[in-house]
Amino acid sequence: MKKLAMLLLLAALLAGCGRMKTKAPEVTETQAPVEWRERSVFAMDTLMQLRLYGGTEELLDRAQERIFGLEERISVTLPDSEIGKLNREGRACLSPEPLALLDSALSLCRETDGALDITVYPVVKAWGFTTGNYRVPSARERDALLAAVDYSEVQILTDGEVVLPSGAQLDLGAVAKGYLGDLLCALLREGGVEHAILNLGGNVQVMGGKPDGSDWRVGIRDPAGDGLLGTLSLREGAVVTSGGYERCFTDEDGNLWWHIMDPGTGMPARSGLVSVTVVGEKGLVCDALSTALFVMGEEKALAWWRARREAELALVTEDGRLVLTPGLAARFSPAGNLAYTLEAADEEA
Ligand code: AMP
Ligand code: MG
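Caption draft 1: Structural view of the overall build of the chain. In terms of helices and strands, the chain carries 10 helices and 20 strands. Radius of gyration (C-alpha) of the chain: 21 Å, near the 20 Å computed for a compact globule of 349 residues. Along the first, second and third principal axes, the C-alpha atoms of the chain reach 65 × 50 × 45 Å. Looking at the chain as a whole, 50% of its 349 residues qualify as buried. Considering only contacts within the chain whose residues lie at least 6 apart along the sequence, 55% involve residues at least 24 apart. Taken as a whole, the chain presents about 16800 Å² of accessible surface, with 51% of it coming from carbon and sulfur. One finds the centroid of the 34 positive side-chain charges in the chain at a distance of 5 Å from the centroid of its 51 negative side-chain charges.

Caption draft 2: The coordination of the magnesium ion (ligand 2), seen in detail. Each protein donor to the magnesium ion (ligand 2) is listed here as A174 (O), D287 (O), D287 (OD) and T291 (OG1); together their distances run 2.2 to 2.4 Å. Mapped onto the sequence, the donors of the magnesium ion (ligand 2) take the spacing A-x112-D-x3-T. With A174 in the loop between β6 (161-163) and α7 (176-190) and D287 in helix α8 (residues 283-296), this pair connects stretches of sequence that are 113 residues apart. Residue A174 is classed as partly exposed on the basis of its relative accessible area of 22%.

Caption draft 3: The arrangement of the packing of helix α2 (residues 57-74) against helix α4 (residues 96-111) in detail. Closest axis-to-axis distance for the α2/α4 pair is 10 Å, and the angle between their directions is 70°. As summarised for this structure, α2 and α4 are arranged roughly perpendicular, according to the angle between their axes. Here R66, L70, R73 and I74 of α2 come into contact with α4, specifically with E97, P98 and L101. When its residues are assigned to classes, the contact of α2 with α4 shows 4 nonpolar, no polar and 3 charged.

Caption draft 4: Examining the side chain of T119 more closely. Inspection of the secondary structure puts T119 in the loop between α4 and α5 (121-126). What makes T119 buried here is its relative accessible area of 1%. A polar contact of 2.9 Å, which involves the side chain of T119, links it to the backbone nitrogen of D150. For T119, the residues in contact, after removing those within four places along its chain, are A148, V149, D150, Y151, V154, Q169 and L170.

Caption draft 5: Molecular detail of the pairing of strand β3 (residues 46-53). Looking at chain direction, strand β2 (residues 36-43) and β3 are connected through 8 bridges and run antiparallel. In the sheet register, A43 faces β3, and the bridge partner there is T46. Counting the residues in the hairpin turn of β2 and β3 gives 2 residues, including M44, whose phi is positive at 50°. Direction of pairing for β3 relative to strand β7 (residues 195-199): antiparallel, over a ladder of 5 bridges. The partner of L52 across the bridge, within β7, is A196.

Caption draft 6: Representation of the site of ligand 1. The local shell around ligand 1 holds 17 residues, among which D117, D171, S242, M261 and T291 are the closest. Contact between ligand 1 and R247: an oxygen atom at 3.5 Å from a side-chain N or O atom of the residue. With respect to ligand 1, the side chain of D287 contributes an N or O atom lying 3.1 Å from an oxygen atom. Notes on ligand 1: free accessible area 500 Å², of which the protein chains cover 93%. Take the shell around ligand 1: its biggest share by element is 3 residues, from α8. Here the residues of the shell around ligand 1 sort into 9 nonpolar, 3 polar and 5 charged.

Caption draft 7: The sheet that holds strand β4 (residues 91-93), seen in detail. Here 3 strands make up an open sheet; going across it, the order is β4-β6-β5 and the pairing antiparallel. Every interior strand has two partners, whereas the edge strands, β4 and β5 (155-156), have only one.

Caption draft 8: Main features of the packing of aromatic side chains. A complete count under the given rule lists 7 aromatic pairs for this structure. Ring centres of W127 and W257 lie 5.2 Å apart, and the angle between their planes is 55°; this geometry places the pair in the tilted category. Taken together, the positions of W127 in the loop between α5 and α6 (139-146) and W257 in strand β13 (residues 256-258) put the pair 130 residues apart, joining distant regions of the chain. Note on W257: relative accessible area 12%, which makes it buried. For the pair Y134 and F249, a centre-to-centre distance of 4.7 Å together with 5° between the ring planes defines the contact as stacked. Linking Y134 in the loop between α5 and α6 with F249 in strand β12 (residues 248-250), this pair joins segments that are 115 residues apart in sequence. Exposure remark for F249: the relative accessible area of 10% places this residue in the buried category. An aromatic cluster of at least three residues, connected via ring pairs, comprises W127, F129, Y134, F249 and W257. The ring of W258 carries R270 above its face, with NZ or CZ at 4.8 Å from the centroid. The ring of W305 carries R309 above its face, with NZ or CZ at 4.2 Å from the centroid.

Conventions used here
Residues numbered from 1 in each chain as written. Chains lettered and ligands numbered in written order. Predicted model: local features only at pLDDT ≥ 70, side-chain atom pairs only at ≥ 80, totals over all residues. Heavy atoms only, no water. Helix = DSSP H or I, 4+ residues; strand = E, 2+ residues; numbered from the N terminus. Rg over C-alpha atoms; globule rule 2.2 N^0.38 Å. Buried < 20%, exposed > 50% of the residue type's maximum accessible area, 1.4 Å probe, protein only. Contact = heavy atoms within 4.5 Å. Areas by Shrake-Rupley, 256 points an atom, 1.4 Å probe, with all protein chains shown as cover. Lys, Arg positive; Asp, Glu negative; His and termini not counted. Charge placed at Lys NZ, Arg CZ, Asp CG, Glu CD. Donors = N, O, S within 2.8 Å, 3.2 Å for Na, K, Ca; no water. Axes fitted to C-alpha atoms, helices over the stretch in contact; angles between N-to-C directions. Parallel < 35°, antiparallel > 145°, perpendicular 65-115°, else oblique. Nonpolar A, V, L, I, M, F, W, Y, C, P; charged D, E, K, R; others polar. Polar contact = N/O pair within 3.5 Å; in protein donor to acceptor, adjacent residues only side chain to side chain. Pairing = 2+ DSSP bridges. Near = heavy atom within 4 Å. Phe/Tyr/Trp six-rings, centres within 6.5 Å; stacked < 30°, edge-to-face > 60°. Lys NZ or Arg CZ within 6 Å of the ring centre and 35° of its normal.

This is a description of form; function is not addressed.
Dropping the structure here:
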C-alpha cells in the first residue's frame, strides 16, 4: 500500500509543473507512428499545457521562455515588471512585445466601445480580485476610482514611452493569454510544428487539426459545475471563455460577485450572461471579445456579432439558455445531460 502511494506521488510529481512528458508512439492501422510531446507550465496564475506533434524539447524550452518572458514583463503583481513600473510611475518605456500587446488591446477597447477597458484595474483591485481579500467597495469609493478609468487617455509616444493620466493603472490580464496563444502558435510554426493544441487555462488554441486529419475536439466548460456544455470540433483557431465562475465571492448578504467588471459602473458585470465563449482565428481578439461581450450582455453581444461576423459565439445566460451562433452550432456536440435550452442566434435582428 505504502509502495503504491509512493508510486502515485512520483507519477504526480513527474506530471507536474514545468516537467517534460513524451508519450510512446501511437500506432494506428493506416499511419506511421505519431509522437507527441507535452509541457506543463504554471504561469499567469494558471496551469498551461502545450502539446505538440513533432518539434523538439528545445522548441518547448523556447516556448516556455516566451511564456515566462511575457509574464515577467507584463504582470501587474510583479512591481519590477514593465507594466508594474508604468502603474507605479505613470510613465515607462515598454519593450516591443508589451508595447504591441498594449497597442492592440487599446484598439480592441475602442472597437468594443469601452466594454473592454484595460484601465479598469484599480476597480478590480478595490474589489479584492487581485489579492483574494474580497470586499464590496462603497459607491463613493467606486466613483472616485472610476474617475481615472478611461482607456482613451492612455498615450503611446513615438519612442515607445507610455504615459498614463493621473491615478490611472492598467492591466492586460483580459487579453494576455490570447496574445500569448498567438505568439506561441507562431513560434511553433516557425519551428516546423504543424499540429498542436495549447491549453492556456480557459484559452485553448489549436493548430493544423490532429495528425490523423481529423479536427481537434475542445471541451467548453459548464459554468455551473465541473462538467462540460459539450465539445467543439475545430481544425485551427482559438476558443476562449470568460466566465463569472472563474473568480468570484459571495458577500455577507449572499450576493455573488465576480471578476469581470463593467467599466461604466465599477461593479461586476451583471449583464444576464454567466459565460461567453468566443471562437475565432486570433487568440488575442477572442480573449478581448470574451471579456467585452460578457460585459455587453446577450443583446449587444449578438448585435456586435451580426455587425462584425469576426468570430462565433456560445453564450450561457443566467436564465438557463445556451445560445450558439450558426457557425458554432454546426461544430458543437452538446453533452448528453445538458441542463440548458439550446438556442440558435438569429442571423438578423
Ligand atoms: P478574462 O478572464 O479574459 O475575461 O479577463 C478578466 C480579467 O481582466 C479580470 O481578472 C480583470 O483583471 C480584468 N478585467 C475585468 N473586467 C475587465 C474589463 N471590463 N476590461 C478589461 N479588463 C477587465
Ligand atoms: Mg478575455
